[in-house]
Amino acid sequence: MSTLLEVSGVTTSFKTANGFLPAIEDVSFTIKKGETLGIVGESGCGKSVTSLSIMQLLTANGKIERGSIRFNGRELVGLKDNEMRKVRGNDIAMIFQEPMTSLNPVHKIGRQIGESLRIHKGYGKAQARAKAIELLKLVGIPRAEEIVDEYPHRLSGGMRQRVMIAIAMACNPQLLIADEPTTALDVTIQAQILDLMRKLKAELDMSIMLITHDLGVVAEMCDRVVVMYAGKVVEQGNVKDIFRNPSHPYTVGLLSSIPRLEGRQERLSSIPGNVPSLELMPAGCRFASRCPHATQRCVTEEPSLLPVSGEHDARCWLMDEKGVAV
Amino acid sequence: MSQAMTPPSTKLTQTLAHPQGKVQSKFVRVLKAYPLVFVGGLMVLVLIFVAIFADKLAPFNPDYQFANGLAADGAPLAPNHTFIMGTDDLGRDVYSRLLYGARISLEVGVFASLISLFIGTSLGIISGYYGKWIDSLIMRITDIMLAFPFILFVVALVAVLKPSVDNIFLAIGVLGWASTARIVRAQVLAVKEFEYVQAARALGSRQWRILFRIVLPNIMAPVIVLTTLAIGNNMLLESTLSFLGIGVQPPTPSWGSMLAEGQQVFEYAPWLLYYPGLALLFSVLGFNLLGDGLRELFNPRRVR
Amino acid sequence: MSEPLLQVRGLEKYFPIKKGVMRLTRGHVRAVDGVSFDVREGETFGLVGESGCGKSTTGRSILRLIEPTGGQIIFNGKDVRKLGRSEMRKMRRDMQIVFQDPYASLNPRYTVRQILEEPMIIHGLYGGSAERKKKVADLLETVGLSGSRMNRYPHEFSGGQRQRIGIARALAVNPRLIIADEPVSALDVSVQSQVLNLLDDLQKEFGIAYVFIAHDLSVVKHISDRIGVMYLGKIVELAPADGLYSKPLHPYTQALLSAVPVPDPEFKRERIILQGDLPSPSKPPTGCHFHPRCKDCMEICKTTAPEWKEVEPDRFVACHLYN
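Our subject in this report is the structure included herewith. These numbers were taken from a predicted model, which means no experiment stands behind them.

1. Digging into the packing of aromatic side chains
Turning to step 1, where the next piece is worked out: Tallied over the full model, the rule gives 14 aromatic pairs over all chains.
Turning to step 2, where the next piece is worked out: On the numbers, 5.4 Å between centres and 70 degrees between planes, the contact of A:Tyr250 with A:Phe287 is edge-to-face. Taken together, the positions of A:Tyr250 in helix 10 (residues 249-256) and A:Phe287 in the loop between helix 10 and helix 11 (296-300) put the pair 37 residues apart, joining distant regions of the chain. Like A:Phe287, A:Tyr250 is buried.
Turning to step 3, where the next piece is worked out: Ring geometry for C:Tyr231 against C:Phe290: centres 5.1 Å apart, planes inclined by 85 degrees, an arrangement best described as edge-to-face.

2. Details of the nonpolar core
Turning to step 1, where the next piece is worked out: Formed by 82 residues in total, the largest nonpolar core has its most connected members in C:Leu116, C:Ile167, C:Phe212 and C:Leu217.
Turning to step 2, where the next piece is worked out: At seven residues, the largest contribution of residues to this core is made by helix 11 (residues 207-243) of chain B.
Turning to step 3, where the next piece is worked out: Those residues within four positions of C:Phe212 in sequence are excluded, and the remaining contacts are C:Thr44, C:Phe45, C:Gly46, C:Leu47, C:Ala180, C:Pro183, C:Val184, C:Leu196, C:Leu199, C:Val219, C:Val220 and C:Ile223.

3. A closer look at the pattern of salt bridges
Any two side chains of opposite charge can pair, so long as their charged atoms come close to each other.
Turning to step 1, where the next piece is worked out: Applying the stated rule across the entire model yields 54 salt bridges over all chains.
Turning to step 2, where the next piece is worked out: With a shortest N-O distance of 3.4 Å, C:Lys134 and C:Asp138 are connected by a salt bridge. Of this pair, C:Lys134 and C:Asp138 both sit in helix 4 (residues 129-142), four residues apart, roughly one helical turn.
Turning to step 3, where the next piece is worked out: Judged by its relative accessible area of 54%, C:Lys134 falls in the exposed class.
Turning to step 4, where the next piece is worked out: Owing to a relative accessible area of 36%, C:Asp138 belongs among the partly exposed residues under this scheme.
Turning to step 5, where the next piece is worked out: What you see here is one network of salt bridges that share partners, running through B:Asp63, B:Asp88, B:Arg92, B:Arg97 and B:Glu261.

4. Quick word on helix 3 (residues 112-122) of chain C
Turning to step 1, where the next piece is worked out: Of all 11 residues in helix 3 of chain C, eight are buried, a share of seventy percent or more.
Turning to step 2, where the next piece is worked out: In this structure, the buried side of helix 3 of chain C is in contact with helix 11 of chain B together with helix 4 and helix 5 (159-171) of chain C.
Turning to step 3, where the next piece is worked out: Where helix 3 of chain C ends, the next residue or the one after it, C:Gly124, has phi of about 60 degrees, a positive value.

5. Remarks on the packing of helix 6 (residues 157-169) of chain A against helix 7 (residues 187-204) of chain A
Residues and elements named next belong to chain A.
Turning to step 1, where the next piece is worked out: Two numbers describe how helix 6 lies on helix 7: the axes approach to 10 Å, and their chain directions differ by 15 degrees. Here helix 7 runs roughly parallel to helix 6, going by the angle between their axes. Between helix 6 and helix 7 lies a crossing whose hand is right-handed. For the pair helix 6 and helix 7, contact is made by Gly158, Gln161, Arg162, Ile165 and Met169 and by Ile189, Gln192, Ile193, Leu196, Met197, Leu200 and Leu204, respectively.
Turning to step 2, where the next piece is worked out: Counted by class, the contact of helix 6 with helix 7 contains eight nonpolar, three polar and one charged residues.

Calculation criteria
Residues numbered from 1 in each chain as written. Chains lettered and ligands numbered in written order. Predicted model: local features only at pLDDT ≥ 70, side-chain atom pairs only at ≥ 80, totals over all residues. Heavy atoms only, no water. Phe/Tyr/Trp six-rings, centres within 6.5 Å; stacked < 30°, edge-to-face > 60°. Helix = DSSP H or I, 4+ residues; strand = E, 2+ residues; numbered from the N terminus. Buried < 20%, exposed > 50% of the residue type's maximum accessible area, 1.4 Å probe, protein only. Core = buried A, V, L, I, M, F, W, Y, C linked by side-chain atoms within 4.5 Å. Contact = heavy atoms within 4.5 Å. Salt bridge = Lys/Arg side-chain N within 4 Å of Asp/Glu carboxyl O. Axes fitted to C-alpha atoms, helices over the stretch in contact; angles between N-to-C directions. Parallel < 35°, antiparallel > 145°, perpendicular 65-115°, else oblique. Left-handed = near helix turned anticlockwise from the far one by under 90°. Nonpolar A, V, L, I, M, F, W, Y, C, P; charged D, E, K, R; others polar.

Right, dumping it as structure tokens:
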């Protein structure tokens, strides 16, 4: 499989009262053609900033300070705004968490789907409308011919997320970035949407970058996983390795703190403490203050991503001393 | 796996916590982020100081008509060593009158705003918290108040009551509560839905306790901002009324009446307009800067 | 077995839909439509369902934070709906609530100490100020926070810590029942498990019963002894937690369970994907409310509402398949 997106060494900072502080630091990963990559972590870990950096949709107080983002071999960092606009929606499309607010309430659904076709592909009005109906059918919306002339408020949350996906699919993007696409939805509707995403990926041969906090969703959807903590990638590897052999203590803690449906757990395991704030980032490993295995070395020196096996890496000194009892 | 991970030793945690940014006092941080609050605040303080100590600061009696206060042809004197802002057409010291005028302006501005604040907040809370028919009633009255041209309303009321300082602020205050009531009502409606109000009910709090101890403190920020801005506006309104001749009556000095008197002779004595005009500008600007600054300061997304 | 602590019988909450200039009532949203269940002393009763199913309205109706329009709520032998104002205030000592949003549920202008003293002052507990202060410190320690932080404001705490403060506030009056309305759904997984463990510990220590309302089935399964599954204002199935998960009876429960993503990439199962969306509770379908989305729909389901029946000991279901 060839590489579609290559993110390397990206640091994105935001202006705060105490100057520019990095929200993500030295983030690197790749997405191959036809693959689903999961980016997982808790709130504030930088997973959304990562996707906004790729799309260059950062707010005015944020900027990419270092690193490179190559899409199909082409560098996106430093691209002029009008060049980047051609990439957005056309090559890389994005769907967001909140389907209630990401559709414009004053325009008909058909127009919102057709918009990117008219911008990027030069479609005429009638042509765009026809394609919009086709896309609505593709994402499984019943009565597509009627819905195309409706306003968004007539649709439920699940239906709106389908419309968002239809908009994203309009120009046959090679990469779909889905930022918590099902978090706001009920579990039965989530199942519908995930099913749809899987189907579309196979039909349209695209790659998906799925940002989520839900490890269940990751296990079901992803080929490979990047685990983020406090702005850094702490572990990455293919999904089976991550779930069978979690190697960073954070990943271990995360996996063991989810309540399971099957079996009976008397007590949940939990990670003590909280994520350090941007202002108070420790010099060493960022997880050290919550880690059961932390040593003096972890406090003073930050580990790099160390190999666990094959393509499985973890940012932890434990990997450096293979064989030491965990 | 079924056991909580053991927390690291406290010694370790202590070594971990070393902040990158330097720690500043809250005062310095607020000052840096919102310099306007301090500029506006300072201007307002100056105004208050002048108003309180007008009798100590003024070189002369503001109403005294100096024999040497007029030129040989009867024209007012331009600013000079004795009368640093000149004299008016009756030979009175403009500087002294200006200082005493600050008292009247501030008095009207503050008291009128406090009256509006009290009426507006009470009605707004009742309207927002109790809802139903009383809400509809109060809001319709508010609509009517807002639909009338405010200045005409005040002119009419002052005319009925007889122009005096007390009646001016009374009229402005009693008629100016409508926008406060609206804002308070909207705030109450929003705060009422917060779960901490529900929690207070679940704990068995009485209604008045919820209203005064929980709802009221949480809606005060925008109300204070609004009131600050209103003080500036009401000072302007007093000047307008005095300028129109139905405000403060002569010989009491007020900036508006000074402007009205100066207007007749401004072609050869322009300083009679400059100084009261600048004083008004300074005061209204001060209150507006302070109000805008406070608005920023109370913004929940402010820097902490 | 002794009398249950809380008996809910045919609880109803209809919200009127008002339309037109005259604000005439043109129908009702049946948010809660005849819900019945018991909560025993010291147990956790889970109430699970998707958004709009009425689970939160049920919780708040029990406390009369929302005034129910029908049914009975018997708490400790007394009909809560018949209590007068002052009796109701006293009753609130025994029944407390923990909210979902740890940001909206604490008054931002009060210190933690003030927040926790409030219930003591209202109910005249623990005499003087020194005694109350000591109790506040105790409460904070109980929920795993340091008593030395009592003079801080809520915004100085993280989401998980705020939720602990919310729990401490509920504990301040020594309640026998706590309604926990989505208490962990705003929290990250690692923090969520801390709070779930805390709730568990408190139950063991003080014997408090919980009505635990949530949309996350794994969480509800973990914490509950018995679970009621709600759909469009009704409980469709009620069963002990383990039984519900190992052998769900109602087709809706089956679909709900199969939709939960399992954090195991090698886990394989048959997934039932429900078609369509939740119908509006103002115009619920005829017969069984679930029939338009049900994979096992029969003719009778379209016309007749199924009976609420105990099909096995301690297992209730409303479905024609079991008639």
